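# Structural characterization, general
Listed here are the chains, written in short residue letters.
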Amino acid sequence: MSAFLAEILFDLVRAIVGSWLREAAVAICAWLDTKIQSRSARLFLGLLLGAAAFFLIPAIAGLLGL
């Protein structure tokens, strides 16, 4: 029973932290969008952030055991 409750609690915490991280990423990207005026700079930064996410998201998910 305790393992079941621990699993439910872990899933709840994972969902809450995931939503917070998603909201933070959207807020940071919206802030960056207003600061960068050049189209080519936006494209370069988007590609750079996308490449970072491509490598970091699986690494973090692997560490968390997702």
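Our structure is the block above this text.
Summary of the structure given here. (Residues numbered from 1 in each chain as written. Predicted model: local features only at pLDDT ≥ 70, side-chain atom pairs only at ≥ 80, totals over all residues. Heavy atoms only, no water.)

### Here's the deal with the overall build of the protein chain
- Along its length, the protein chain carries 2 helices and 0 strands.
- The C-alpha radius of gyration of the protein chain comes to 17 Å, more than 25% above the 11 Å expected for a compact globule of 66 residues.
- Principal axes of the C-alpha set define a box for the protein chain whose edges measure 55 × 20 × 10 Å.
- Counting over 66 residues, the protein chain shows a buried share of 2%.
- Approximately 5800 Å² of the protein chain is accessible, and the part contributed by carbon and sulfur atoms is 77%.
- Across the protein chain, the mean location of the 5 positive side-chain charges is 15 Å away from that of the 4 negative side-chain charges. (Helix = DSSP H or I, 4+ residues; strand = E, 2+ residues; numbered from the N terminus. Rg over C-alpha atoms; globule rule 2.2 N^0.38 Å. Buried < 20%, exposed > 50% of the residue type's maximum accessible area, 1.4 Å probe, protein only. Areas by Shrake-Rupley, 256 points an atom, 1.4 Å probe, with all protein chains shown as cover. Lys, Arg positive; Asp, Glu negative; His and termini not counted. Charge placed at Lys NZ, Arg CZ, Asp CG, Glu CD.)

### Some thoughts on the packing of aromatic side chains
- Applying the stated rule across the entire model yields 1 aromatic pair.
- Measuring from ring centre to ring centre gives 5.2 Å for Phe54 and Phe55, while their planes differ by 85°; the resulting arrangement is edge-to-face. With respect to class, Phe54 is no different from Phe55; both count as exposed. (Phe/Tyr/Trp six-rings, centres within 6.5 Å; stacked < 30°, edge-to-face > 60°.)

### Details of a nonpolar patch on the surface
- Among the surface-exposed residues, Leu9, Leu12, Val13, Ile16, Val17, Trp20 and Leu21 lie close enough to one another that they form a single nonpolar patch of about 680 Å² accessible area.
- You can see Leu9 is positioned in helix α1 (residues 2-35).
- With a relative accessible area of 51%, Leu9 lands in the exposed category. (Patch = residues over 30% accessible without salt bridge, like charges linked within 9 Å, V, L, I, M, F, W, Y side chains within 5 Å. Salt bridge = Lys/Arg side-chain N within 4 Å of Asp/Glu carboxyl O.)

Worth remembering: the numbers are spatial, not functional.
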